[in-house]
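Chain residues, written in single-letter form:
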Amino acid sequence: MKIVIVGGGAAGLMAAINIKNDNNEVVILEKNEEVGKKILVTGNGRCNLWNFDMHYSKYNSSNPELLDKIITPEYEDDALNKLVELFSILKNKNNYLYPRSNKATTVRDVLLHVCNKLGVEIITNYTVTSIKKTDKFIINNDITCDKLIISCGGKSLPITGSDGSIYSILKDMGHTIIEPLPSLVPLFANESYLNKWNGIRCDAKVTSIIDGKKIKEESGELQLTDYGISGICVFNISRDIVKALNEGKNANVQISFLELGEDEKVYFELEEKNNTVYELLLKVFDKKLIKILLDKMDINPDAYIKSLTTKEMSRLADYIERFNINITGHGDFNKSQVTQGGVSLEDINPDTLESKKIKDLYLIGEVLDIDGDCGGYNLGFAWMSALKVSDHIC
Ligand SMILES: Cc1cc2nc3c(=O)[nH]c(=O)nc-3n(C[C@H](O)[C@H](O)[C@H](O)COP(=O)(O)OP(=O)(O)OC[C@H]3O[C@@H](n4cnc5c(N)ncnc54)[C@H](O)[C@@H]3O)c2cc1C
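Just so we're clear, the structure is a prediction, and the values are computed from it rather than from any experiment.

Trainee: How should the state of the cysteines be read in this particular structure?
Mentor: Any covalent bond linking the sulfur atoms of two cysteines counts as a disulfide. Using the criterion set out here, one finds zero disulfides in the structure. Of the cysteine sulfurs around Cys152, a residue in no disulfide, the closest is that of Cys145, at 13 Å. We note that Cys374 lacks a disulfide partner, and the nearest cysteine sulfur, in Cys233, lies 9.7 Å from it.

Now the structure itself:
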């Protein structure tokens, strides 16, 4: 049996390793000059390849009701076992797993090494532009195979090879493509104070609000920039905001600057009476931020807390706990870590990831309409989906 895998990224390499045996021929077709280019940029070059808190609820899709059928505890265990087998020692930082070397190159190089050792054929500089199906698959009128696995990724960071060009081929074969949009991106705003808060990093809670309705909240380090807001907590709420803006809806983010980090204790009492407003804020916030807060609050900074009216007190609390910023845009695919949308989950068998439209065609990784939060979930799905297909094919 000859099996062709289109796309030598995380999912494709993992599938090849698991499928190759003495009785089959496994070929990876990769458009880049080398495989695993995206792996190299993951986790800021360190590759956060898994999360111990793995669960289908960390993932999103246009068909969320199918997620628990695709991402099951069995494959969570299998994927982690496989990672341990491949990498032997893994670093655990607050449930985020990394290779011992702290280098993404290790992950790519180990996967490539094992593929070569097993006899997987890797053809680089090969872009798949057409797929036909008779009794066999015919790729680019050139290569034939019995089973075909598509692992071409989404559209995020196209310089790594995943440019979404496979969607139209899959659409022509009968699949529904849910509109691909960027996710895990920074969010843009158009406020006069952005230049003033540029460079501040602080612990905060951010809540996405779409057309006045609270959608999702996340806590963590918030980065205030001259274009808006960024940081992992912002990335994790960006999905719904990108979708909403795309649909012409109104999107806001509420920031609670008083969210405490895990290592902080509550020494701060809003009701502290012996401070002026300025003194109180000075103890807790970056000076640049205090200026912005005071300008917006319209409270005399030299007023003693004890002299504030109930209305002023609640305005003070409002601005530091419920600071509102209107979101006007978001990072594009060049800035996004993952693509939301892709091949509809309704078109695949959740137990095997085989297409319901074309027999012997399988879809794995980011090309599917599944995207995860930051923290190792997207590579996690690449591994889990690869193992699921391998189990079925072998
Ligand atoms: C900056 C950044 C940081 C990230 N950090 C993390 C992280 O730390 N942890 C995490 O879990 N996730 C992270 N991700 C997300 C994660 O990298 C992806 O979700 C994951 O790599 C997807 O794997 P994949 O194999 O499905 O697709 P890809 O890795 O995108 O691989 C697809 C491959 O298919 C090839 N290809 C595409 N079309 C064709 C074609 N027509 N013919 C032939 N070949 C083709 C591409 O060249 C590419 O090599 C990050 C993403 C980015 C952009």
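On we go.
Trainee: So what exactly am I meant to see when it comes to the pattern of salt bridges here?
Mentor: Side chains carrying opposite charge are able to pair once their charged atoms draw close together. Under the definition given, this model contains 18 salt bridges. Where Asp53 meets Lys58, a salt bridge forms, and the shortest distance between an N and an O atom there is 3.6 Å. For Lys136, the salt bridge is made with Asp146, and the minimal N-O distance between the two is 2.8 Å. With Lys136 in the loop between β8 (131-133) and β9 (137-139) and Asp146 in the loop between β10 (143-145) and β11 (147-150), this pair connects stretches of sequence that are 10 residues apart. Through salt bridges that share partners, Glu34, Arg108 and Asp109 make up one connected network.

Trainee: For this particular structure, what's the right way to read the sheet that holds strand β13 (residues 187-189)?
Mentor: Spatially, the six strands close up into a barrel ordered β13-β16-β15-β14-β17-β18, and their pairing is antiparallel. Direction aside, the axes of adjacent strands within the sheet are offset by 45° on average. Bridge count for β13 against strand β16 (residues 228-230) is two bridges, and the pairing is antiparallel. If you follow Phe188 over to β16, its bridge partner there is Gly228.

Trainee: Looking at this model, I keep getting lost on the packing of aromatic side chains. Mind explaining?
Mentor: Two descriptors summarise a pair of aromatic rings, namely the distance from one centre to the other and the angle between the planes of the rings. According to the stated counting rule, one finds eight aromatic pairs in the structure shown. Considering the side-chain rings of Phe188 and Tyr227, the 5.4 Å spacing of their centres and the 75° angle between planes classify their relative orientation as edge-to-face. A residue pair is termed long-range when its members are at least 10 positions apart, and Phe188 in strand β13 and Tyr227 in the loop between β15 (213-224) and β16 qualify at 39 residues. Judged by its relative accessible area of 32%, Tyr227 is partly exposed. Plain terms: the ring middles of Trp197 and Phe323 are 5.9 Å apart, the flat faces sit at 45° to each other, and that makes the pair tilted. Here Trp197 is found in helix α7 (residues 194-197), whereas its partner Phe323 is found in strand β18 (residues 323-330), with 126 residues between them in sequence. The exposure class assigned to Phe323 is buried, which follows from its relative accessible area of 0%. Three or more aromatic residues joined by ring pairs make a cluster, and in this case those are Tyr193, Trp197, Phe257, Phe285 and Phe323.

Trainee: Which parts of the structure should I look at to understand the site of the ligand?
Mentor: In the region of the ligand, 33 residues are neighbours, and Glu30, Gly43, Asn48, Glu366 and Leu379 sit closest. Between the ligand and the protein, one listed contact pairs an oxygen atom with a side-chain N or O atom of Glu30 at 2.6 Å. Within the backbone of Val128, an N or O atom sits 3.0 Å from a nitrogen atom of the ligand. Contact with the protein chains hides 95% of the accessible area of the ligand, taken as 1,000 Å² for the molecule alone. Among the residues forming the shell around the ligand, the class breakdown is 11 nonpolar, 18 polar and four charged.

Quick notes on the rules
Residues numbered from 1 in each chain as written. Predicted model: local features only at pLDDT ≥ 70, side-chain atom pairs only at ≥ 80, totals over all residues. Heavy atoms only, no water. Disulfide = S-S within 2.5 Å. Salt bridge = Lys/Arg side-chain N within 4 Å of Asp/Glu carboxyl O. Helix = DSSP H or I, 4+ residues; strand = E, 2+ residues; numbered from the N terminus. Pairing = 2+ DSSP bridges. Axes fitted to C-alpha atoms, helices over the stretch in contact; angles between N-to-C directions. Phe/Tyr/Trp six-rings, centres within 6.5 Å; stacked < 30°, edge-to-face > 60°. Buried < 20%, exposed > 50% of the residue type's maximum accessible area, 1.4 Å probe, protein only. Near = heavy atom within 4 Å. Polar contact = N/O pair within 3.5 Å; in protein donor to acceptor, adjacent residues only side chain to side chain. Areas by Shrake-Rupley, 256 points an atom, 1.4 Å probe, with all protein chains shown as cover. Nonpolar A, V, L, I, M, F, W, Y, C, P; charged D, E, K, R; others polar.

Geometric descriptors of this kind do not, in isolation, establish any biological role.
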